[in-house]
Amino acid sequence: MLKVILPTIMLLPTALLSPPKFLWTNTTLYSLLIATLSLQWLIPTYYPYKFLSNWTGIDQISSPLLVLSCWLLPLMIMASQNHLQQEPLSRKRIFISTLITVQPFILLAFSTTELALFYISFEATLIPTLILITRWGNQPERLSAGIYLLFYTLVSSLPLLITIMHLYVKIGTLHLPTLELIRPTLSTSWTGTLSGLALLMAFMVKAPLYGLHLWLPKAHVEAPIAGSMLLAALLLKLGGYGIMRVTLLMGPLSNLLHYPFLTLALWGALMTSSICLRQTDLKSLIAYSSVSHMGLVIAAGMIQTHWSFSGAMILMISHGLTSSMLFCLANTNYERTHSRILLLTRGLQPLLPLMATWWLLANLTNMALPPTTNLMAELTIMITLFNWSAFTIILTGMATLLTASYTLFMLLTTQRGPIPSHITSIQNSTTREHLIMTLHIIPMFLLILKPELISGIPS
């Protein structure tokens, strides 16, 4: 574990001390090296924990998410190059350092075996994200977006801290493998129900559950491209991962807890998909689509069967890659037209034909078309939900239909139709952008060949 965390921390001096000419080259190549090194975590073993140390251990649930977070760092650095070109050198260094600072915290949050350390790193990821949004966002509204993000996260996570302390007083340890062996089933008393609620609430806001999701579209729309990729691909997954970890500890959930959450998650998937059909803002549309996908993950996490957990796991990984790719594509449009409004960025297919291919691929994966892992995940989750209650098929079926329709709506409005008269000349797409898209889509297509790597099932 240390052989990835230490190089990641040493990226900081690399970013701060590299000569100006090699700043981007050094940081990107170094982080790509770390990403290739992290692929060893996917090697299946018969042990419950791989690479176990005193504080960290990697099991089937965390290894795919860890590899995903290492994989996305070079992509975030590559995607930020263009909009930082005009900035002075010191600001470039600070931006890259902020991006790198989030990384060790995310790695710790995903790999820790101690609940207290998990809480600390879970909260620490908030600060660099906040700096990214409020300093490098595009519009003055970024300050209100930052305040939304901060207060939603803080208000929901303080009860989590209190419950973790309460658990420690009651049981005497916060070591996750030990807790899983003891299985501290929360009593049916009000204390048990409320502590279960507090444990879940922080992750529900982070994941975001429909109704607690208002910070997400704001934060996404205002964030720079790296901030958007970070939020969509990694920080939302912290919520899903937390739900999977905590529900394992709590034993069977009481009906008071999981019925409202399940209902809200499935209804939210439906509602946010229909909100997407009415969006005018491209980034906001992609943000709402991730709310609807994470709603399925929350619903699967609440049912707590093997199938639902593996479906949630696969959906988190494939959604991380897909939404990150969609944000990159939206950013390439934004950098050329300086507008996120869908009506002003129409008909780009004849102008940027190769980019249109990437748009098509990304939208097809977002729609969960076979042979993508998104399809496998959504089918798995729908089967488990149907097995739990047959009525859920109505909600999930309508959500799927709406997902397909808003994805096609996004594809048709950005790529087809008449070219708006204000677009007279547009710069070509660069090799860098095609490389980013390729590095997003290759894992997507390779993972369907061996999905057990990311399915969270002990192999």
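Per an unreviewed UniProt entry, the chain goes by NADH-ubiquinone oxidoreductase chain 4 and derives from Cygnus atratus. Under the Catalytic activity (unreviewed entry) heading, UniProt states for the chain: "a ubiquinone + NADH + 5 H(+)(in) = a ubiquinol + NAD(+) + 4 H(+)(out)". Annotation of the chain in UniProt includes, under Subcellular location (unreviewed entry), the sentence "Mitochondrion membrane".

Draft legend 1. Region of interest: the overall build of the chain. The helix and strand inventory of the chain stands at 18 helices and zero strands. Computed over the C-alpha atoms, the radius of gyration of the chain is 21 Å, within 12% of the 23 Å expected from 2.2 N^0.38 for a compact globule of 459 residues. With the C-alpha coordinates aligned to their principal axes, the bounding extent of the chain is approximately 65 × 55 × 45 Å. Split into buried and exposed, the 459 residues of the chain put 59% on the buried side. If you take every contact in the chain between residues at least 6 apart in sequence, the share linking residues at least 24 apart comes to 82%. Summing over all exposed atoms, the chain offers an accessible surface of approximately 18100 Å²; the carbon and sulfur share of this is 72%. With 22 positive and 12 negative side-chain charges, the chain shows a spacing of 5 Å between the two charge centroids.

Draft legend 2. Here's a closer look at the pattern of salt bridges. Under the counting rule described, the total for this entry stands at six salt bridges. For arginine 91, the salt bridge identified is with glutamate 87, shortest N-O distance 3.1 Å. According to the relative accessible area criterion, arginine 91 is partly exposed, its value standing at 37%. Where salt bridges share partners, they join Arg336, Arg432 and Glu433 into one cluster.

Draft legend 3. Region of interest: the packing of helix H4 (residues 89-111) against helix H5 (residues 115-124). Interaxial distance between H4 and H5 falls to 8 Å at its minimum, and their mutual angle equals 145°. In this structure, H4 crosses over H5, and the sense of that crossing is left-handed. Facing Phe105, Leu108 and Ala109 of H4, the residues of H5 in contact are Leu117, Phe118, Ser121, Phe122 and Ala124. Split by residue class, the contact of H4 with H5 holds seven nonpolar, one polar and no charged.

Draft legend 4. Spatial organisation of the packing of aromatic side chains. Scanning the entire structure with this criterion turns up eight aromatic pairs. The interplanar angle of 20° and the centroid separation of 6.2 Å between the aromatic rings of tyrosine 148 and tyrosine 152 together place this pair among those described as stacked. Of this pair, tyrosine 148 and tyrosine 152 both sit in helix H7 (residues 142-171), separated by four residues, roughly a single helical turn. Through a chain of ring-to-ring contacts, the aromatic side chains of Phe110, Phe118, Phe122, Phe203 and Tyr241 assemble into a single cluster. Seen from the ring of tryptophan 136, arginine 135 lies directly overhead, with NZ or CZ sitting 4.9 Å from the centre. Looking at lysine 206, its charged tip hangs above the ring of phenylalanine 122, at a distance of 5.5 Å from the centre.

Draft legend 5. Geometry of the nonpolar core. Leu115, Met204 and Met302 are the most contacted members of the largest nonpolar core, which totals 137 residues. Looking at this core element by element, the count peaks at 17 residues for helix H11 (residues 225-250).

Draft legend 6. Region of the structure containing empty space enclosed by the protein. Summed over all chains, the structure comprises seven cavities of 30 Å³ or more. Taken as a whole, the largest cavity encloses approximately 80 Å³ of empty space. If you go around the largest cavity, the residues you meet are Ala269, Ser273, Ser292, His293, Leu296, Glu378, Met382, Thr396, Ala399, Thr400 and Thr403. Of all the secondary-structure elements, those providing two or more residues to the lining of the largest cavity are helix H12 (255-276), helix H13 (282-303), helix H16 (373-388) and helix H17 (392-415).

Draft legend 7. A look at the UniProt feature "domain: NADH:ubiquinone oxidoreductase chain 4 N-terminal" (unreviewed entry) in the chain. Mapped onto this numbering, the UniProt entry annotates "domain: NADH:ubiquinone oxidoreductase chain 4 N-terminal" (unreviewed entry) at residues 1-108. Summarising residues 1-108: 65% helix, 0% strand, and an end-to-end C-alpha distance of 9 Å.

Draft legend 8. Focus on a nonpolar patch on the surface. A contiguous nonpolar surface patch, about 530 Å² in accessible area, is contributed by Phe386, Phe391, Ile393, Ile394 and Met398. Take the nonpolar patch: its biggest share by element is three residues, from H17. Among the structural elements, methionine 398 can be located in helix H17.

Draft legend 9. Region of interest: H11. Under the 1.5 Å per step criterion, the end-to-end length of H11 is 37 Å for 26 residues, consistent within 8% with the ideal 38 Å. Of all the bends in H11, the largest measures some 40° and sits at leucine 231. Here H11 lies mainly inside the structure; 25 of its 26 residues are buried. Once H11 finishes, glycine 251 follows within two positions and takes phi at roughly 70°, a positive value.

Draft legend 10. Up close: the side chain of threonine 56. With respect to the element layout, threonine 56 can be found in the loop between helix H2 (23-38) and helix H3 (62-79). A relative accessible area of 5% means that threonine 56 is categorised as buried. Every residue in contact with threonine 56, bar those within four places of it in the chain, is listed here: Met1, Phe51, Leu108, Ser111, Thr112 and Thr113.

Draft legend 11. Region of the structure containing the state of the cysteines. By the definition in use, this model includes zero disulfides. No disulfide involves cysteine 70; its nearest neighbouring cysteine sulfur is the one of cysteine 328, lying 18 Å away. Among the residues examined, cysteine 70 registers a relative accessible area of 3% and is labelled buried. Free of any disulfide, cysteine 276 has its nearest neighbouring cysteine sulfur in cysteine 328, separated by 18 Å.

Draft legend 12. Local environment of helix H18 (residues 431-447). Its 17 residues give H18 an end-to-end C-alpha distance of 24 Å, which sits within 8% of 24 Å, the value for a rise of 1.5 Å per residue. Those residues of H18 that sit buried are Arg432, Glu433, His434, Ile436, Met437, Leu439, His440, Ile441, Pro443, Met444 and Leu447. Next to the buried residues of H18 lie H3, H11, helix H14 (306-337), helix H15 (353-366) and H16.

Calculation rules
Residues numbered from 1 in each chain as written. Predicted model: local features only at pLDDT ≥ 70, side-chain atom pairs only at ≥ 80, totals over all residues. Heavy atoms only, no water. UniProt positions renumbered as here; feature names shortened; annotations may be inferred. Helix = DSSP H or I, 4+ residues; strand = E, 2+ residues; numbered from the N terminus. Rg over C-alpha atoms; globule rule 2.2 N^0.38 Å. Buried < 20%, exposed > 50% of the residue type's maximum accessible area, 1.4 Å probe, protein only. Contact = heavy atoms within 4.5 Å. Areas by Shrake-Rupley, 256 points an atom, 1.4 Å probe, with all protein chains shown as cover. Lys, Arg positive; Asp, Glu negative; His and termini not counted. Charge placed at Lys NZ, Arg CZ, Asp CG, Glu CD. Salt bridge = Lys/Arg side-chain N within 4 Å of Asp/Glu carboxyl O. Axes fitted to C-alpha atoms, helices over the stretch in contact; angles between N-to-C directions. Left-handed = near helix turned anticlockwise from the far one by under 90°. Nonpolar A, V, L, I, M, F, W, Y, C, P; charged D, E, K, R; others polar. Phe/Tyr/Trp six-rings, centres within 6.5 Å; stacked < 30°, edge-to-face > 60°. Lys NZ or Arg CZ within 6 Å of the ring centre and 35° of its normal. Core = buried A, V, L, I, M, F, W, Y, C linked by side-chain atoms within 4.5 Å. 1 Å grid on protein atoms, 1.4 Å probe; cavity = no way out; pocket = protein on both sides within 12 Å on 5 of 7 lines; lining within 4 Å. Points joined across faces, edges and corners; volume = space filled by probe spheres on them. Patch = residues over 30% accessible without salt bridge, like charges linked within 9 Å, V, L, I, M, F, W, Y side chains within 5 Å. Expected span 1.5 Å × (residues − 1). Bend = angle between axes of the 7 residues up to and from the residue. Disulfide = S-S within 2.5 Å.

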